[in-house]
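# Report on the structure
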Protein chains: 2
Amino acid sequence: MNDALRTAPNLDETDLAILERVETDFDVSLETLAEELDLSKSAIHYRLNKLKDNDVIEGITADVDPLAFGLEMVAITDVSVTHEQGYSEDIGEALAGLEGVDQVYYTLGDIDFVVISRVQTREQLNELIDRIVAIGGVNETSSKFVMREFENERSVTANLTPAAREAVLEPSTD
Amino acid sequence: MNDALRTAPNLDETDLAILERVETDFDVSLETLAEELDLSKSAIHYRLNKLKDNDVIEGITADVDPLAFGLEMVAITDVSVTHEQGYSEDIGEALAGLEGVDQVYYTLGDIDFVVISRVQTREQLNELIDRIVAIGGVNETSSKFVMREFENERSVTANLTPAAREAVLEPSTD
DNA sequence: AATGAAATCGACCAGCA
DNA sequence: TGCTGGTCGATTTCATT
């Protein structure tokens, strides 16, 4: 009935609780987690390791504030390309490789790529757009200026829909 | 000459080297960092703490793979609103609060909000778009389906333009 | 701001349910 | 497989420079 999950991680509520916690703050001590979830420190550690081995947790990273680097200008650039046949991968990687580029999405529809970039000044934005246009195969670009960002939590577990949550806890057939 | 930086963190090359490392992988041991940078373990630790106190490092987080949760469908939704006067903040927060929504950008131009969301199934996507339309003030939506994502490194220090890098190392006047 | 020593916390192992 | 308790190694803290 439910074959939405390719990689069935087979998680339980305890795993979700751990993930929800460490996804927003990995600086919580094992002891705190152990107390909150009524488990031993070793058990928490065991589960965390399993989550890393399963690649549910891809890695532990420090989140650097872009504003601390004066990266105050955010732009969303729609990029259309000329020959879409097969070249999309190369162009996507070229876009992602540009300095200042944060995220690149290849989309269906009129626009082929959506590029989100972050720079300090209008000059840098100008140069970045020039470099985008200079990529072979790029046809047209259209940029929007971002006034405000509303969420960068990037919290996968916290933003699950109830259906998505259920699907994880009750894997299909295995 | 260079007033691009509001928050001057006063960093040096060593700080940048540490940041570049821990931003992609915080699991490196202090010893490894100490050897690489020819410093004592305590010095690395001291600098890391300072970077946290200065909010250059906003936090340490575990990166959870959305695919492990079957979140295979990514959509970019352009949202236009009716009355833009003052309500943008409320609408932005309402959008960001929806389950499945990952990022929300308020932009200048024809489109007012760009919403990036991540769900498991077409049904969930459908429901999400319905919930977006149901938000008071939302006028029109247009969604694009994402076929491929090219960069989610979210590495601030690694993606700095040379100019941006220089601006950090040589703060303006202070 | 950096160092080295002492206290604290996390990683790993053997054993057990 | 998942958990426990204990040991070792790493990290955090602090007095000192």
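Residues numbered from 1 in each chain as written. Chains lettered and ligands numbered in written order. Predicted model: local features only at pLDDT ≥ 70, side-chain atom pairs only at ≥ 80, totals over all residues. Heavy atoms only, no water.

For chain A, the name recorded in an unreviewed UniProt entry is Lrp/AsnC family transcriptional regulator, with Halorarum halophilum as its organism.

In the vicinity of DNA strand C, the contacting residues are S29, L30, S42 and H45 of chain A together with L39, S40, S42, A43, Y46, R47 and K50 of chain B. When the atoms of DNA strand C within 4 Å of the protein are sorted by group, sugar and phosphate make up 61%. Within the side chain of S40 of chain B, a nitrogen or oxygen atom sits 2.5 Å from a phosphate oxygen of DNA strand C. Between DNA strand C and S42 of chain B, the relevant distance is 3.2 Å, taken from a base nitrogen to a side-chain nitrogen or oxygen of the residue. Listing elements by their share of the surface near DNA strand C, those giving two or more residues are α3 (41-53) of chain A together with α3 (41-53) of chain B. Of all the elements, α3 of chain B adds the most residues to the surface near DNA strand C, at five residues. (Near = heavy atom within 4 Å. Polar contact = N/O pair within 3.5 Å; in protein donor to acceptor, adjacent residues only side chain to side chain. Helix = DSSP H or I, 4+ residues; strand = E, 2+ residues; numbered from the N terminus.)

Next up on the list: the packing of aromatic side chains. Remark: the centre distance and the inter-plane angle together describe each pair of aromatic rings, the angle taken between the planes. Scanning all chains against the criterion turns up four aromatic pairs over all chains. Here the aromatic rings of Y106 of chain A and F113 of chain A are separated by 5.0 Å at their centres, their planes lie at 45 degrees, and the arrangement is tilted. Taking the relative accessible area as the measure of exposure, Y106 of chain A reaches 14% and is therefore buried. A residue is classified by how much of its surface remains accessible, and F113 of chain A, at 0% relative accessible area, is buried. Summarising the aromatic geometry, the rings of F150 of chain A and F113 of chain B are spaced 6.1 Å apart at their centres and angled 55 degrees between planes, so their arrangement reads as tilted. One end of the pair, F150 of chain A, is in the loop between β5 (138-149) and α6 (162-169); the other, F113 of chain B, is in strand β4 (residues 113-119), on a second chain. Its relative accessible area of 15% is what places F150 of chain A among the buried residues. By the ring-pair criterion, three or more aromatic residues cluster together here, those being Y106 and F113 of chain A together with F150 of chain B. Over the face of the ring belonging to F150 of chain A we find R148 of chain A, whose NZ or CZ atom lies 4.5 Å from the ring centre. (Phe/Tyr/Trp six-rings, centres within 6.5 Å; stacked < 30°, edge-to-face > 60°. Buried < 20%, exposed > 50% of the residue type's maximum accessible area, 1.4 Å probe, protein only. Lys NZ or Arg CZ within 6 Å of the ring centre and 35° of its normal.)

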